[in-house]
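Coordinate analysis (summary)
Spelled out, the chains give:
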Amino acid sequence: MLKKCDYNMPISSSFFQRLQPSLHELVDRYGTPFHIYDEAGIVSSHQSLTQAFKEIKFKQFFAVKALPNPAILKTLHSLGSGMDCASVTELELVTRSGISGKDVLYTANNSSTKGMKEAVKIGAWITMDDITCLGDYTPLPDVVSFRVALGNGNSKLMGGDESKFGVPLDSILSAYKQAISLGAKRFGIHQMTCANTLDINSMLDGACRLINLASGISKKLNINFEYINIGGGPGIPYRLTEESFNIEDYAKKIISLLKMNFDIIPTLFMECGRFISGSHGVLVSRVQTVCNKYRTIIGLDASMASLMRPALYKDAYHHITLPFNNTELLGTFDVVGSLCENIDKFAICRELPIPRVDDIVLIHDTGAHGASMGFNYNGHLRPAEVLLKRDGCIKLIRRHENFMDYISTIIDDE
Ligand SMILES: Cc1ncc(COP(=O)(O)O)c(C=O)c1O
């Protein structure tokens, strides 16, 4: 048996302390599984990012795909955040949330014509993912911006050298030349300069390459970039052993890179999702079964349909705690869902207090790319989403899916 340690990390102790007293009641009220988000934490992360860049013109566009719930989007927008959309549905969601115009950035890959038209209609900033997009936009958007494939090798999420995203580096100059020949006068540039990264040097390396590239294009073609978009991607400490990176330090270095490269510094855009909301969510679940097989397996009432990251990315880690299990005895367990896929595992060989059926289980750091990646395979219904508001009130912001939702798109004429 292993020694017990601090199992309340890595969500912030402030969130945990405000959450724990209401947990039993919330579980009774809403039924598990559900994601709960900490509005105060989300607000504070947004503010720490914008504060760090206050010396220059800076705009953060929340990556809607990370947590596409209007309650979150509206709160962030009220703080000055823009929204980064990558699909027609996301564009519709932000517009319905009262957000449009230059508060919206459209950075889609392989975009549909409908998506492009919608983005133009609402007056969004548009990032073109390929040179061929120049022919798709007639007239051209007021500001022409390309996503460039810098082949940043640190990025398994972005595909490294075989990334399907962006204009290949060796074609980027001709992309801007072509835009100029078509009459473009205002310009931006974009690249995801990191992807779920905590290593400040590798983040800076990506940003530096983009800033240098923009400066080079600017000189060669005698154009000014209105903005440089270094994308999202700053990571969060999912593991106990990891520490948050120093955002002030990162910002200072980016600002000095910009100063070194430009007389008139372009506005800096970022599209962070995970950094803003990732640490401020937990998936609340319950132990459904405890079985002895090759190891003891804890079966939860949540599955990869509620949180796909651990199954999707080989090294993805989510901390797990049992907040009301006070046993001193620890064991090593696999924590799994009930979906008919062997990859439906939240943790393998994880040290935890010996669990009992019905124990409440918290899976940490589900505030970004968690609920939004949910799906219905195997008839699994998407979980509810709950918001712990800044004033301490608790609000249901998405109900559990039910059977009628599951069959709502089926056409059965028989
Ligand atoms: C174009 C783009 N912008 C922003 C993001 C947000 O990334 P993160 O949530 O890691 O900051 C993503 C993530 O997939 C993305 O593809």
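Residues numbered from 1 in each chain as written. Predicted model: local features only at pLDDT ≥ 70, side-chain atom pairs only at ≥ 80, totals over all residues. Heavy atoms only, no water.

**Considering the nonpolar core**
Of all hydrophobic cores here, the largest spans 78 residues; its most connected members are Phe-53, Phe-146, Tyr-176, Ile-189, Tyr-250 and Ile-254. When residues in this core are grouped by element, the largest group, 10 residues, is from helix 9 (residues 200-221). Shared between two domains, this core takes at least three residues from each, and those domains are domain 1 (4-38 + 278-406) and domain 2 (40-275). Not counting residues up to four positions away in its chain, the partners in contact with Ile-189 are Ser-145, Phe-146, Val-148, Tyr-176, Leu-210, Leu-213, Ala-214, Ile-217, Phe-225, Tyr-227, Ile-228 and Asn-229. Residues Phe-15, Leu-19, Tyr-30 and Ala-384 belong to the second largest nonpolar core, which totals 17 residues. (Core = buried A, V, L, I, M, F, W, Y, C linked by side-chain atoms within 4.5 Å. Buried < 20%, exposed > 50% of the residue type's maximum accessible area, 1.4 Å probe, protein only. Helix = DSSP H or I, 4+ residues; strand = E, 2+ residues; numbered from the N terminus. Domains from an automatic or database assignment. Contact = heavy atoms within 4.5 Å.)

**What about the pairing of strand 9 (residues 225-229)?**
Counting buried positions along strand 9 yields 4 of 5 residues, so the element is predominantly enclosed. As paired strands, strand 8 (residues 187-190) and strand 9 are joined by 4 bridges and run parallel to one another. Pairing of His-190 across the sheet is with Asn-229, part of strand 9. Crossover connection from strand 8 via helix 9 to parallel strand 9: handedness right-handed. Sheet topology places strand 9 next to strand 10 (residues 267-270); 3 bridges connect them, and they run parallel. Among the inter-strand pairings, Asn-229 is bridged to a residue of strand 10, identified as Phe-269. (Pairing = 2+ DSSP bridges. Right-handed = clockwise from strand over helix to strand, strands pointing away.)

**Structural notes on the packing of aromatic side chains**
Tallying each qualifying case throughout the model produces 13 aromatic pairs. Three or more aromatic residues joined by ring pairs form one cluster here, namely Phe-53, Phe-58, Phe-245, Tyr-250 and Phe-275. The lysine or arginine in question, Arg-309, covers the ring of Tyr-238, its NZ or CZ lying 4.2 Å from the ring centre. (Phe/Tyr/Trp six-rings, centres within 6.5 Å; stacked < 30°, edge-to-face > 60°. Lys NZ or Arg CZ within 6 Å of the ring centre and 35° of its normal.)

**Let's talk about unusual backbone geometry**
Leaving glycine out, the prevailing phi sign among residues is negative, and the prevailing peptide bond configuration is trans. Of note, the bond from Thr-32 into Pro-33 is cis; its omega dihedral lies within 30 degrees of zero at -5°. Inspection of the secondary structure assignment puts Pro-33 in the loop between helix 2 (23-30) and strand 1 (34-38). Look at the link from Thr-138 to Pro-139: it is a cis peptide, with omega at -5°. Assignment of secondary structure puts Pro-139 in the loop between helix 7 (133-136) and strand 6 (144-149).

**Let's talk about the environment of Lys-65**
By the secondary structure assignment, Lys-65 is in the loop between strand 2 (58-63) and helix 4 (70-78). Each C-alpha atom, one on Lys-65 and one on Asn-326, is 37 Å from the other, the two residues being 261 residues apart in sequence. If we skip the residues at most four places from it in the chain, Lys-65 touches Asp-84, Ala-86, Glu-90, His-369 and Ser-372.

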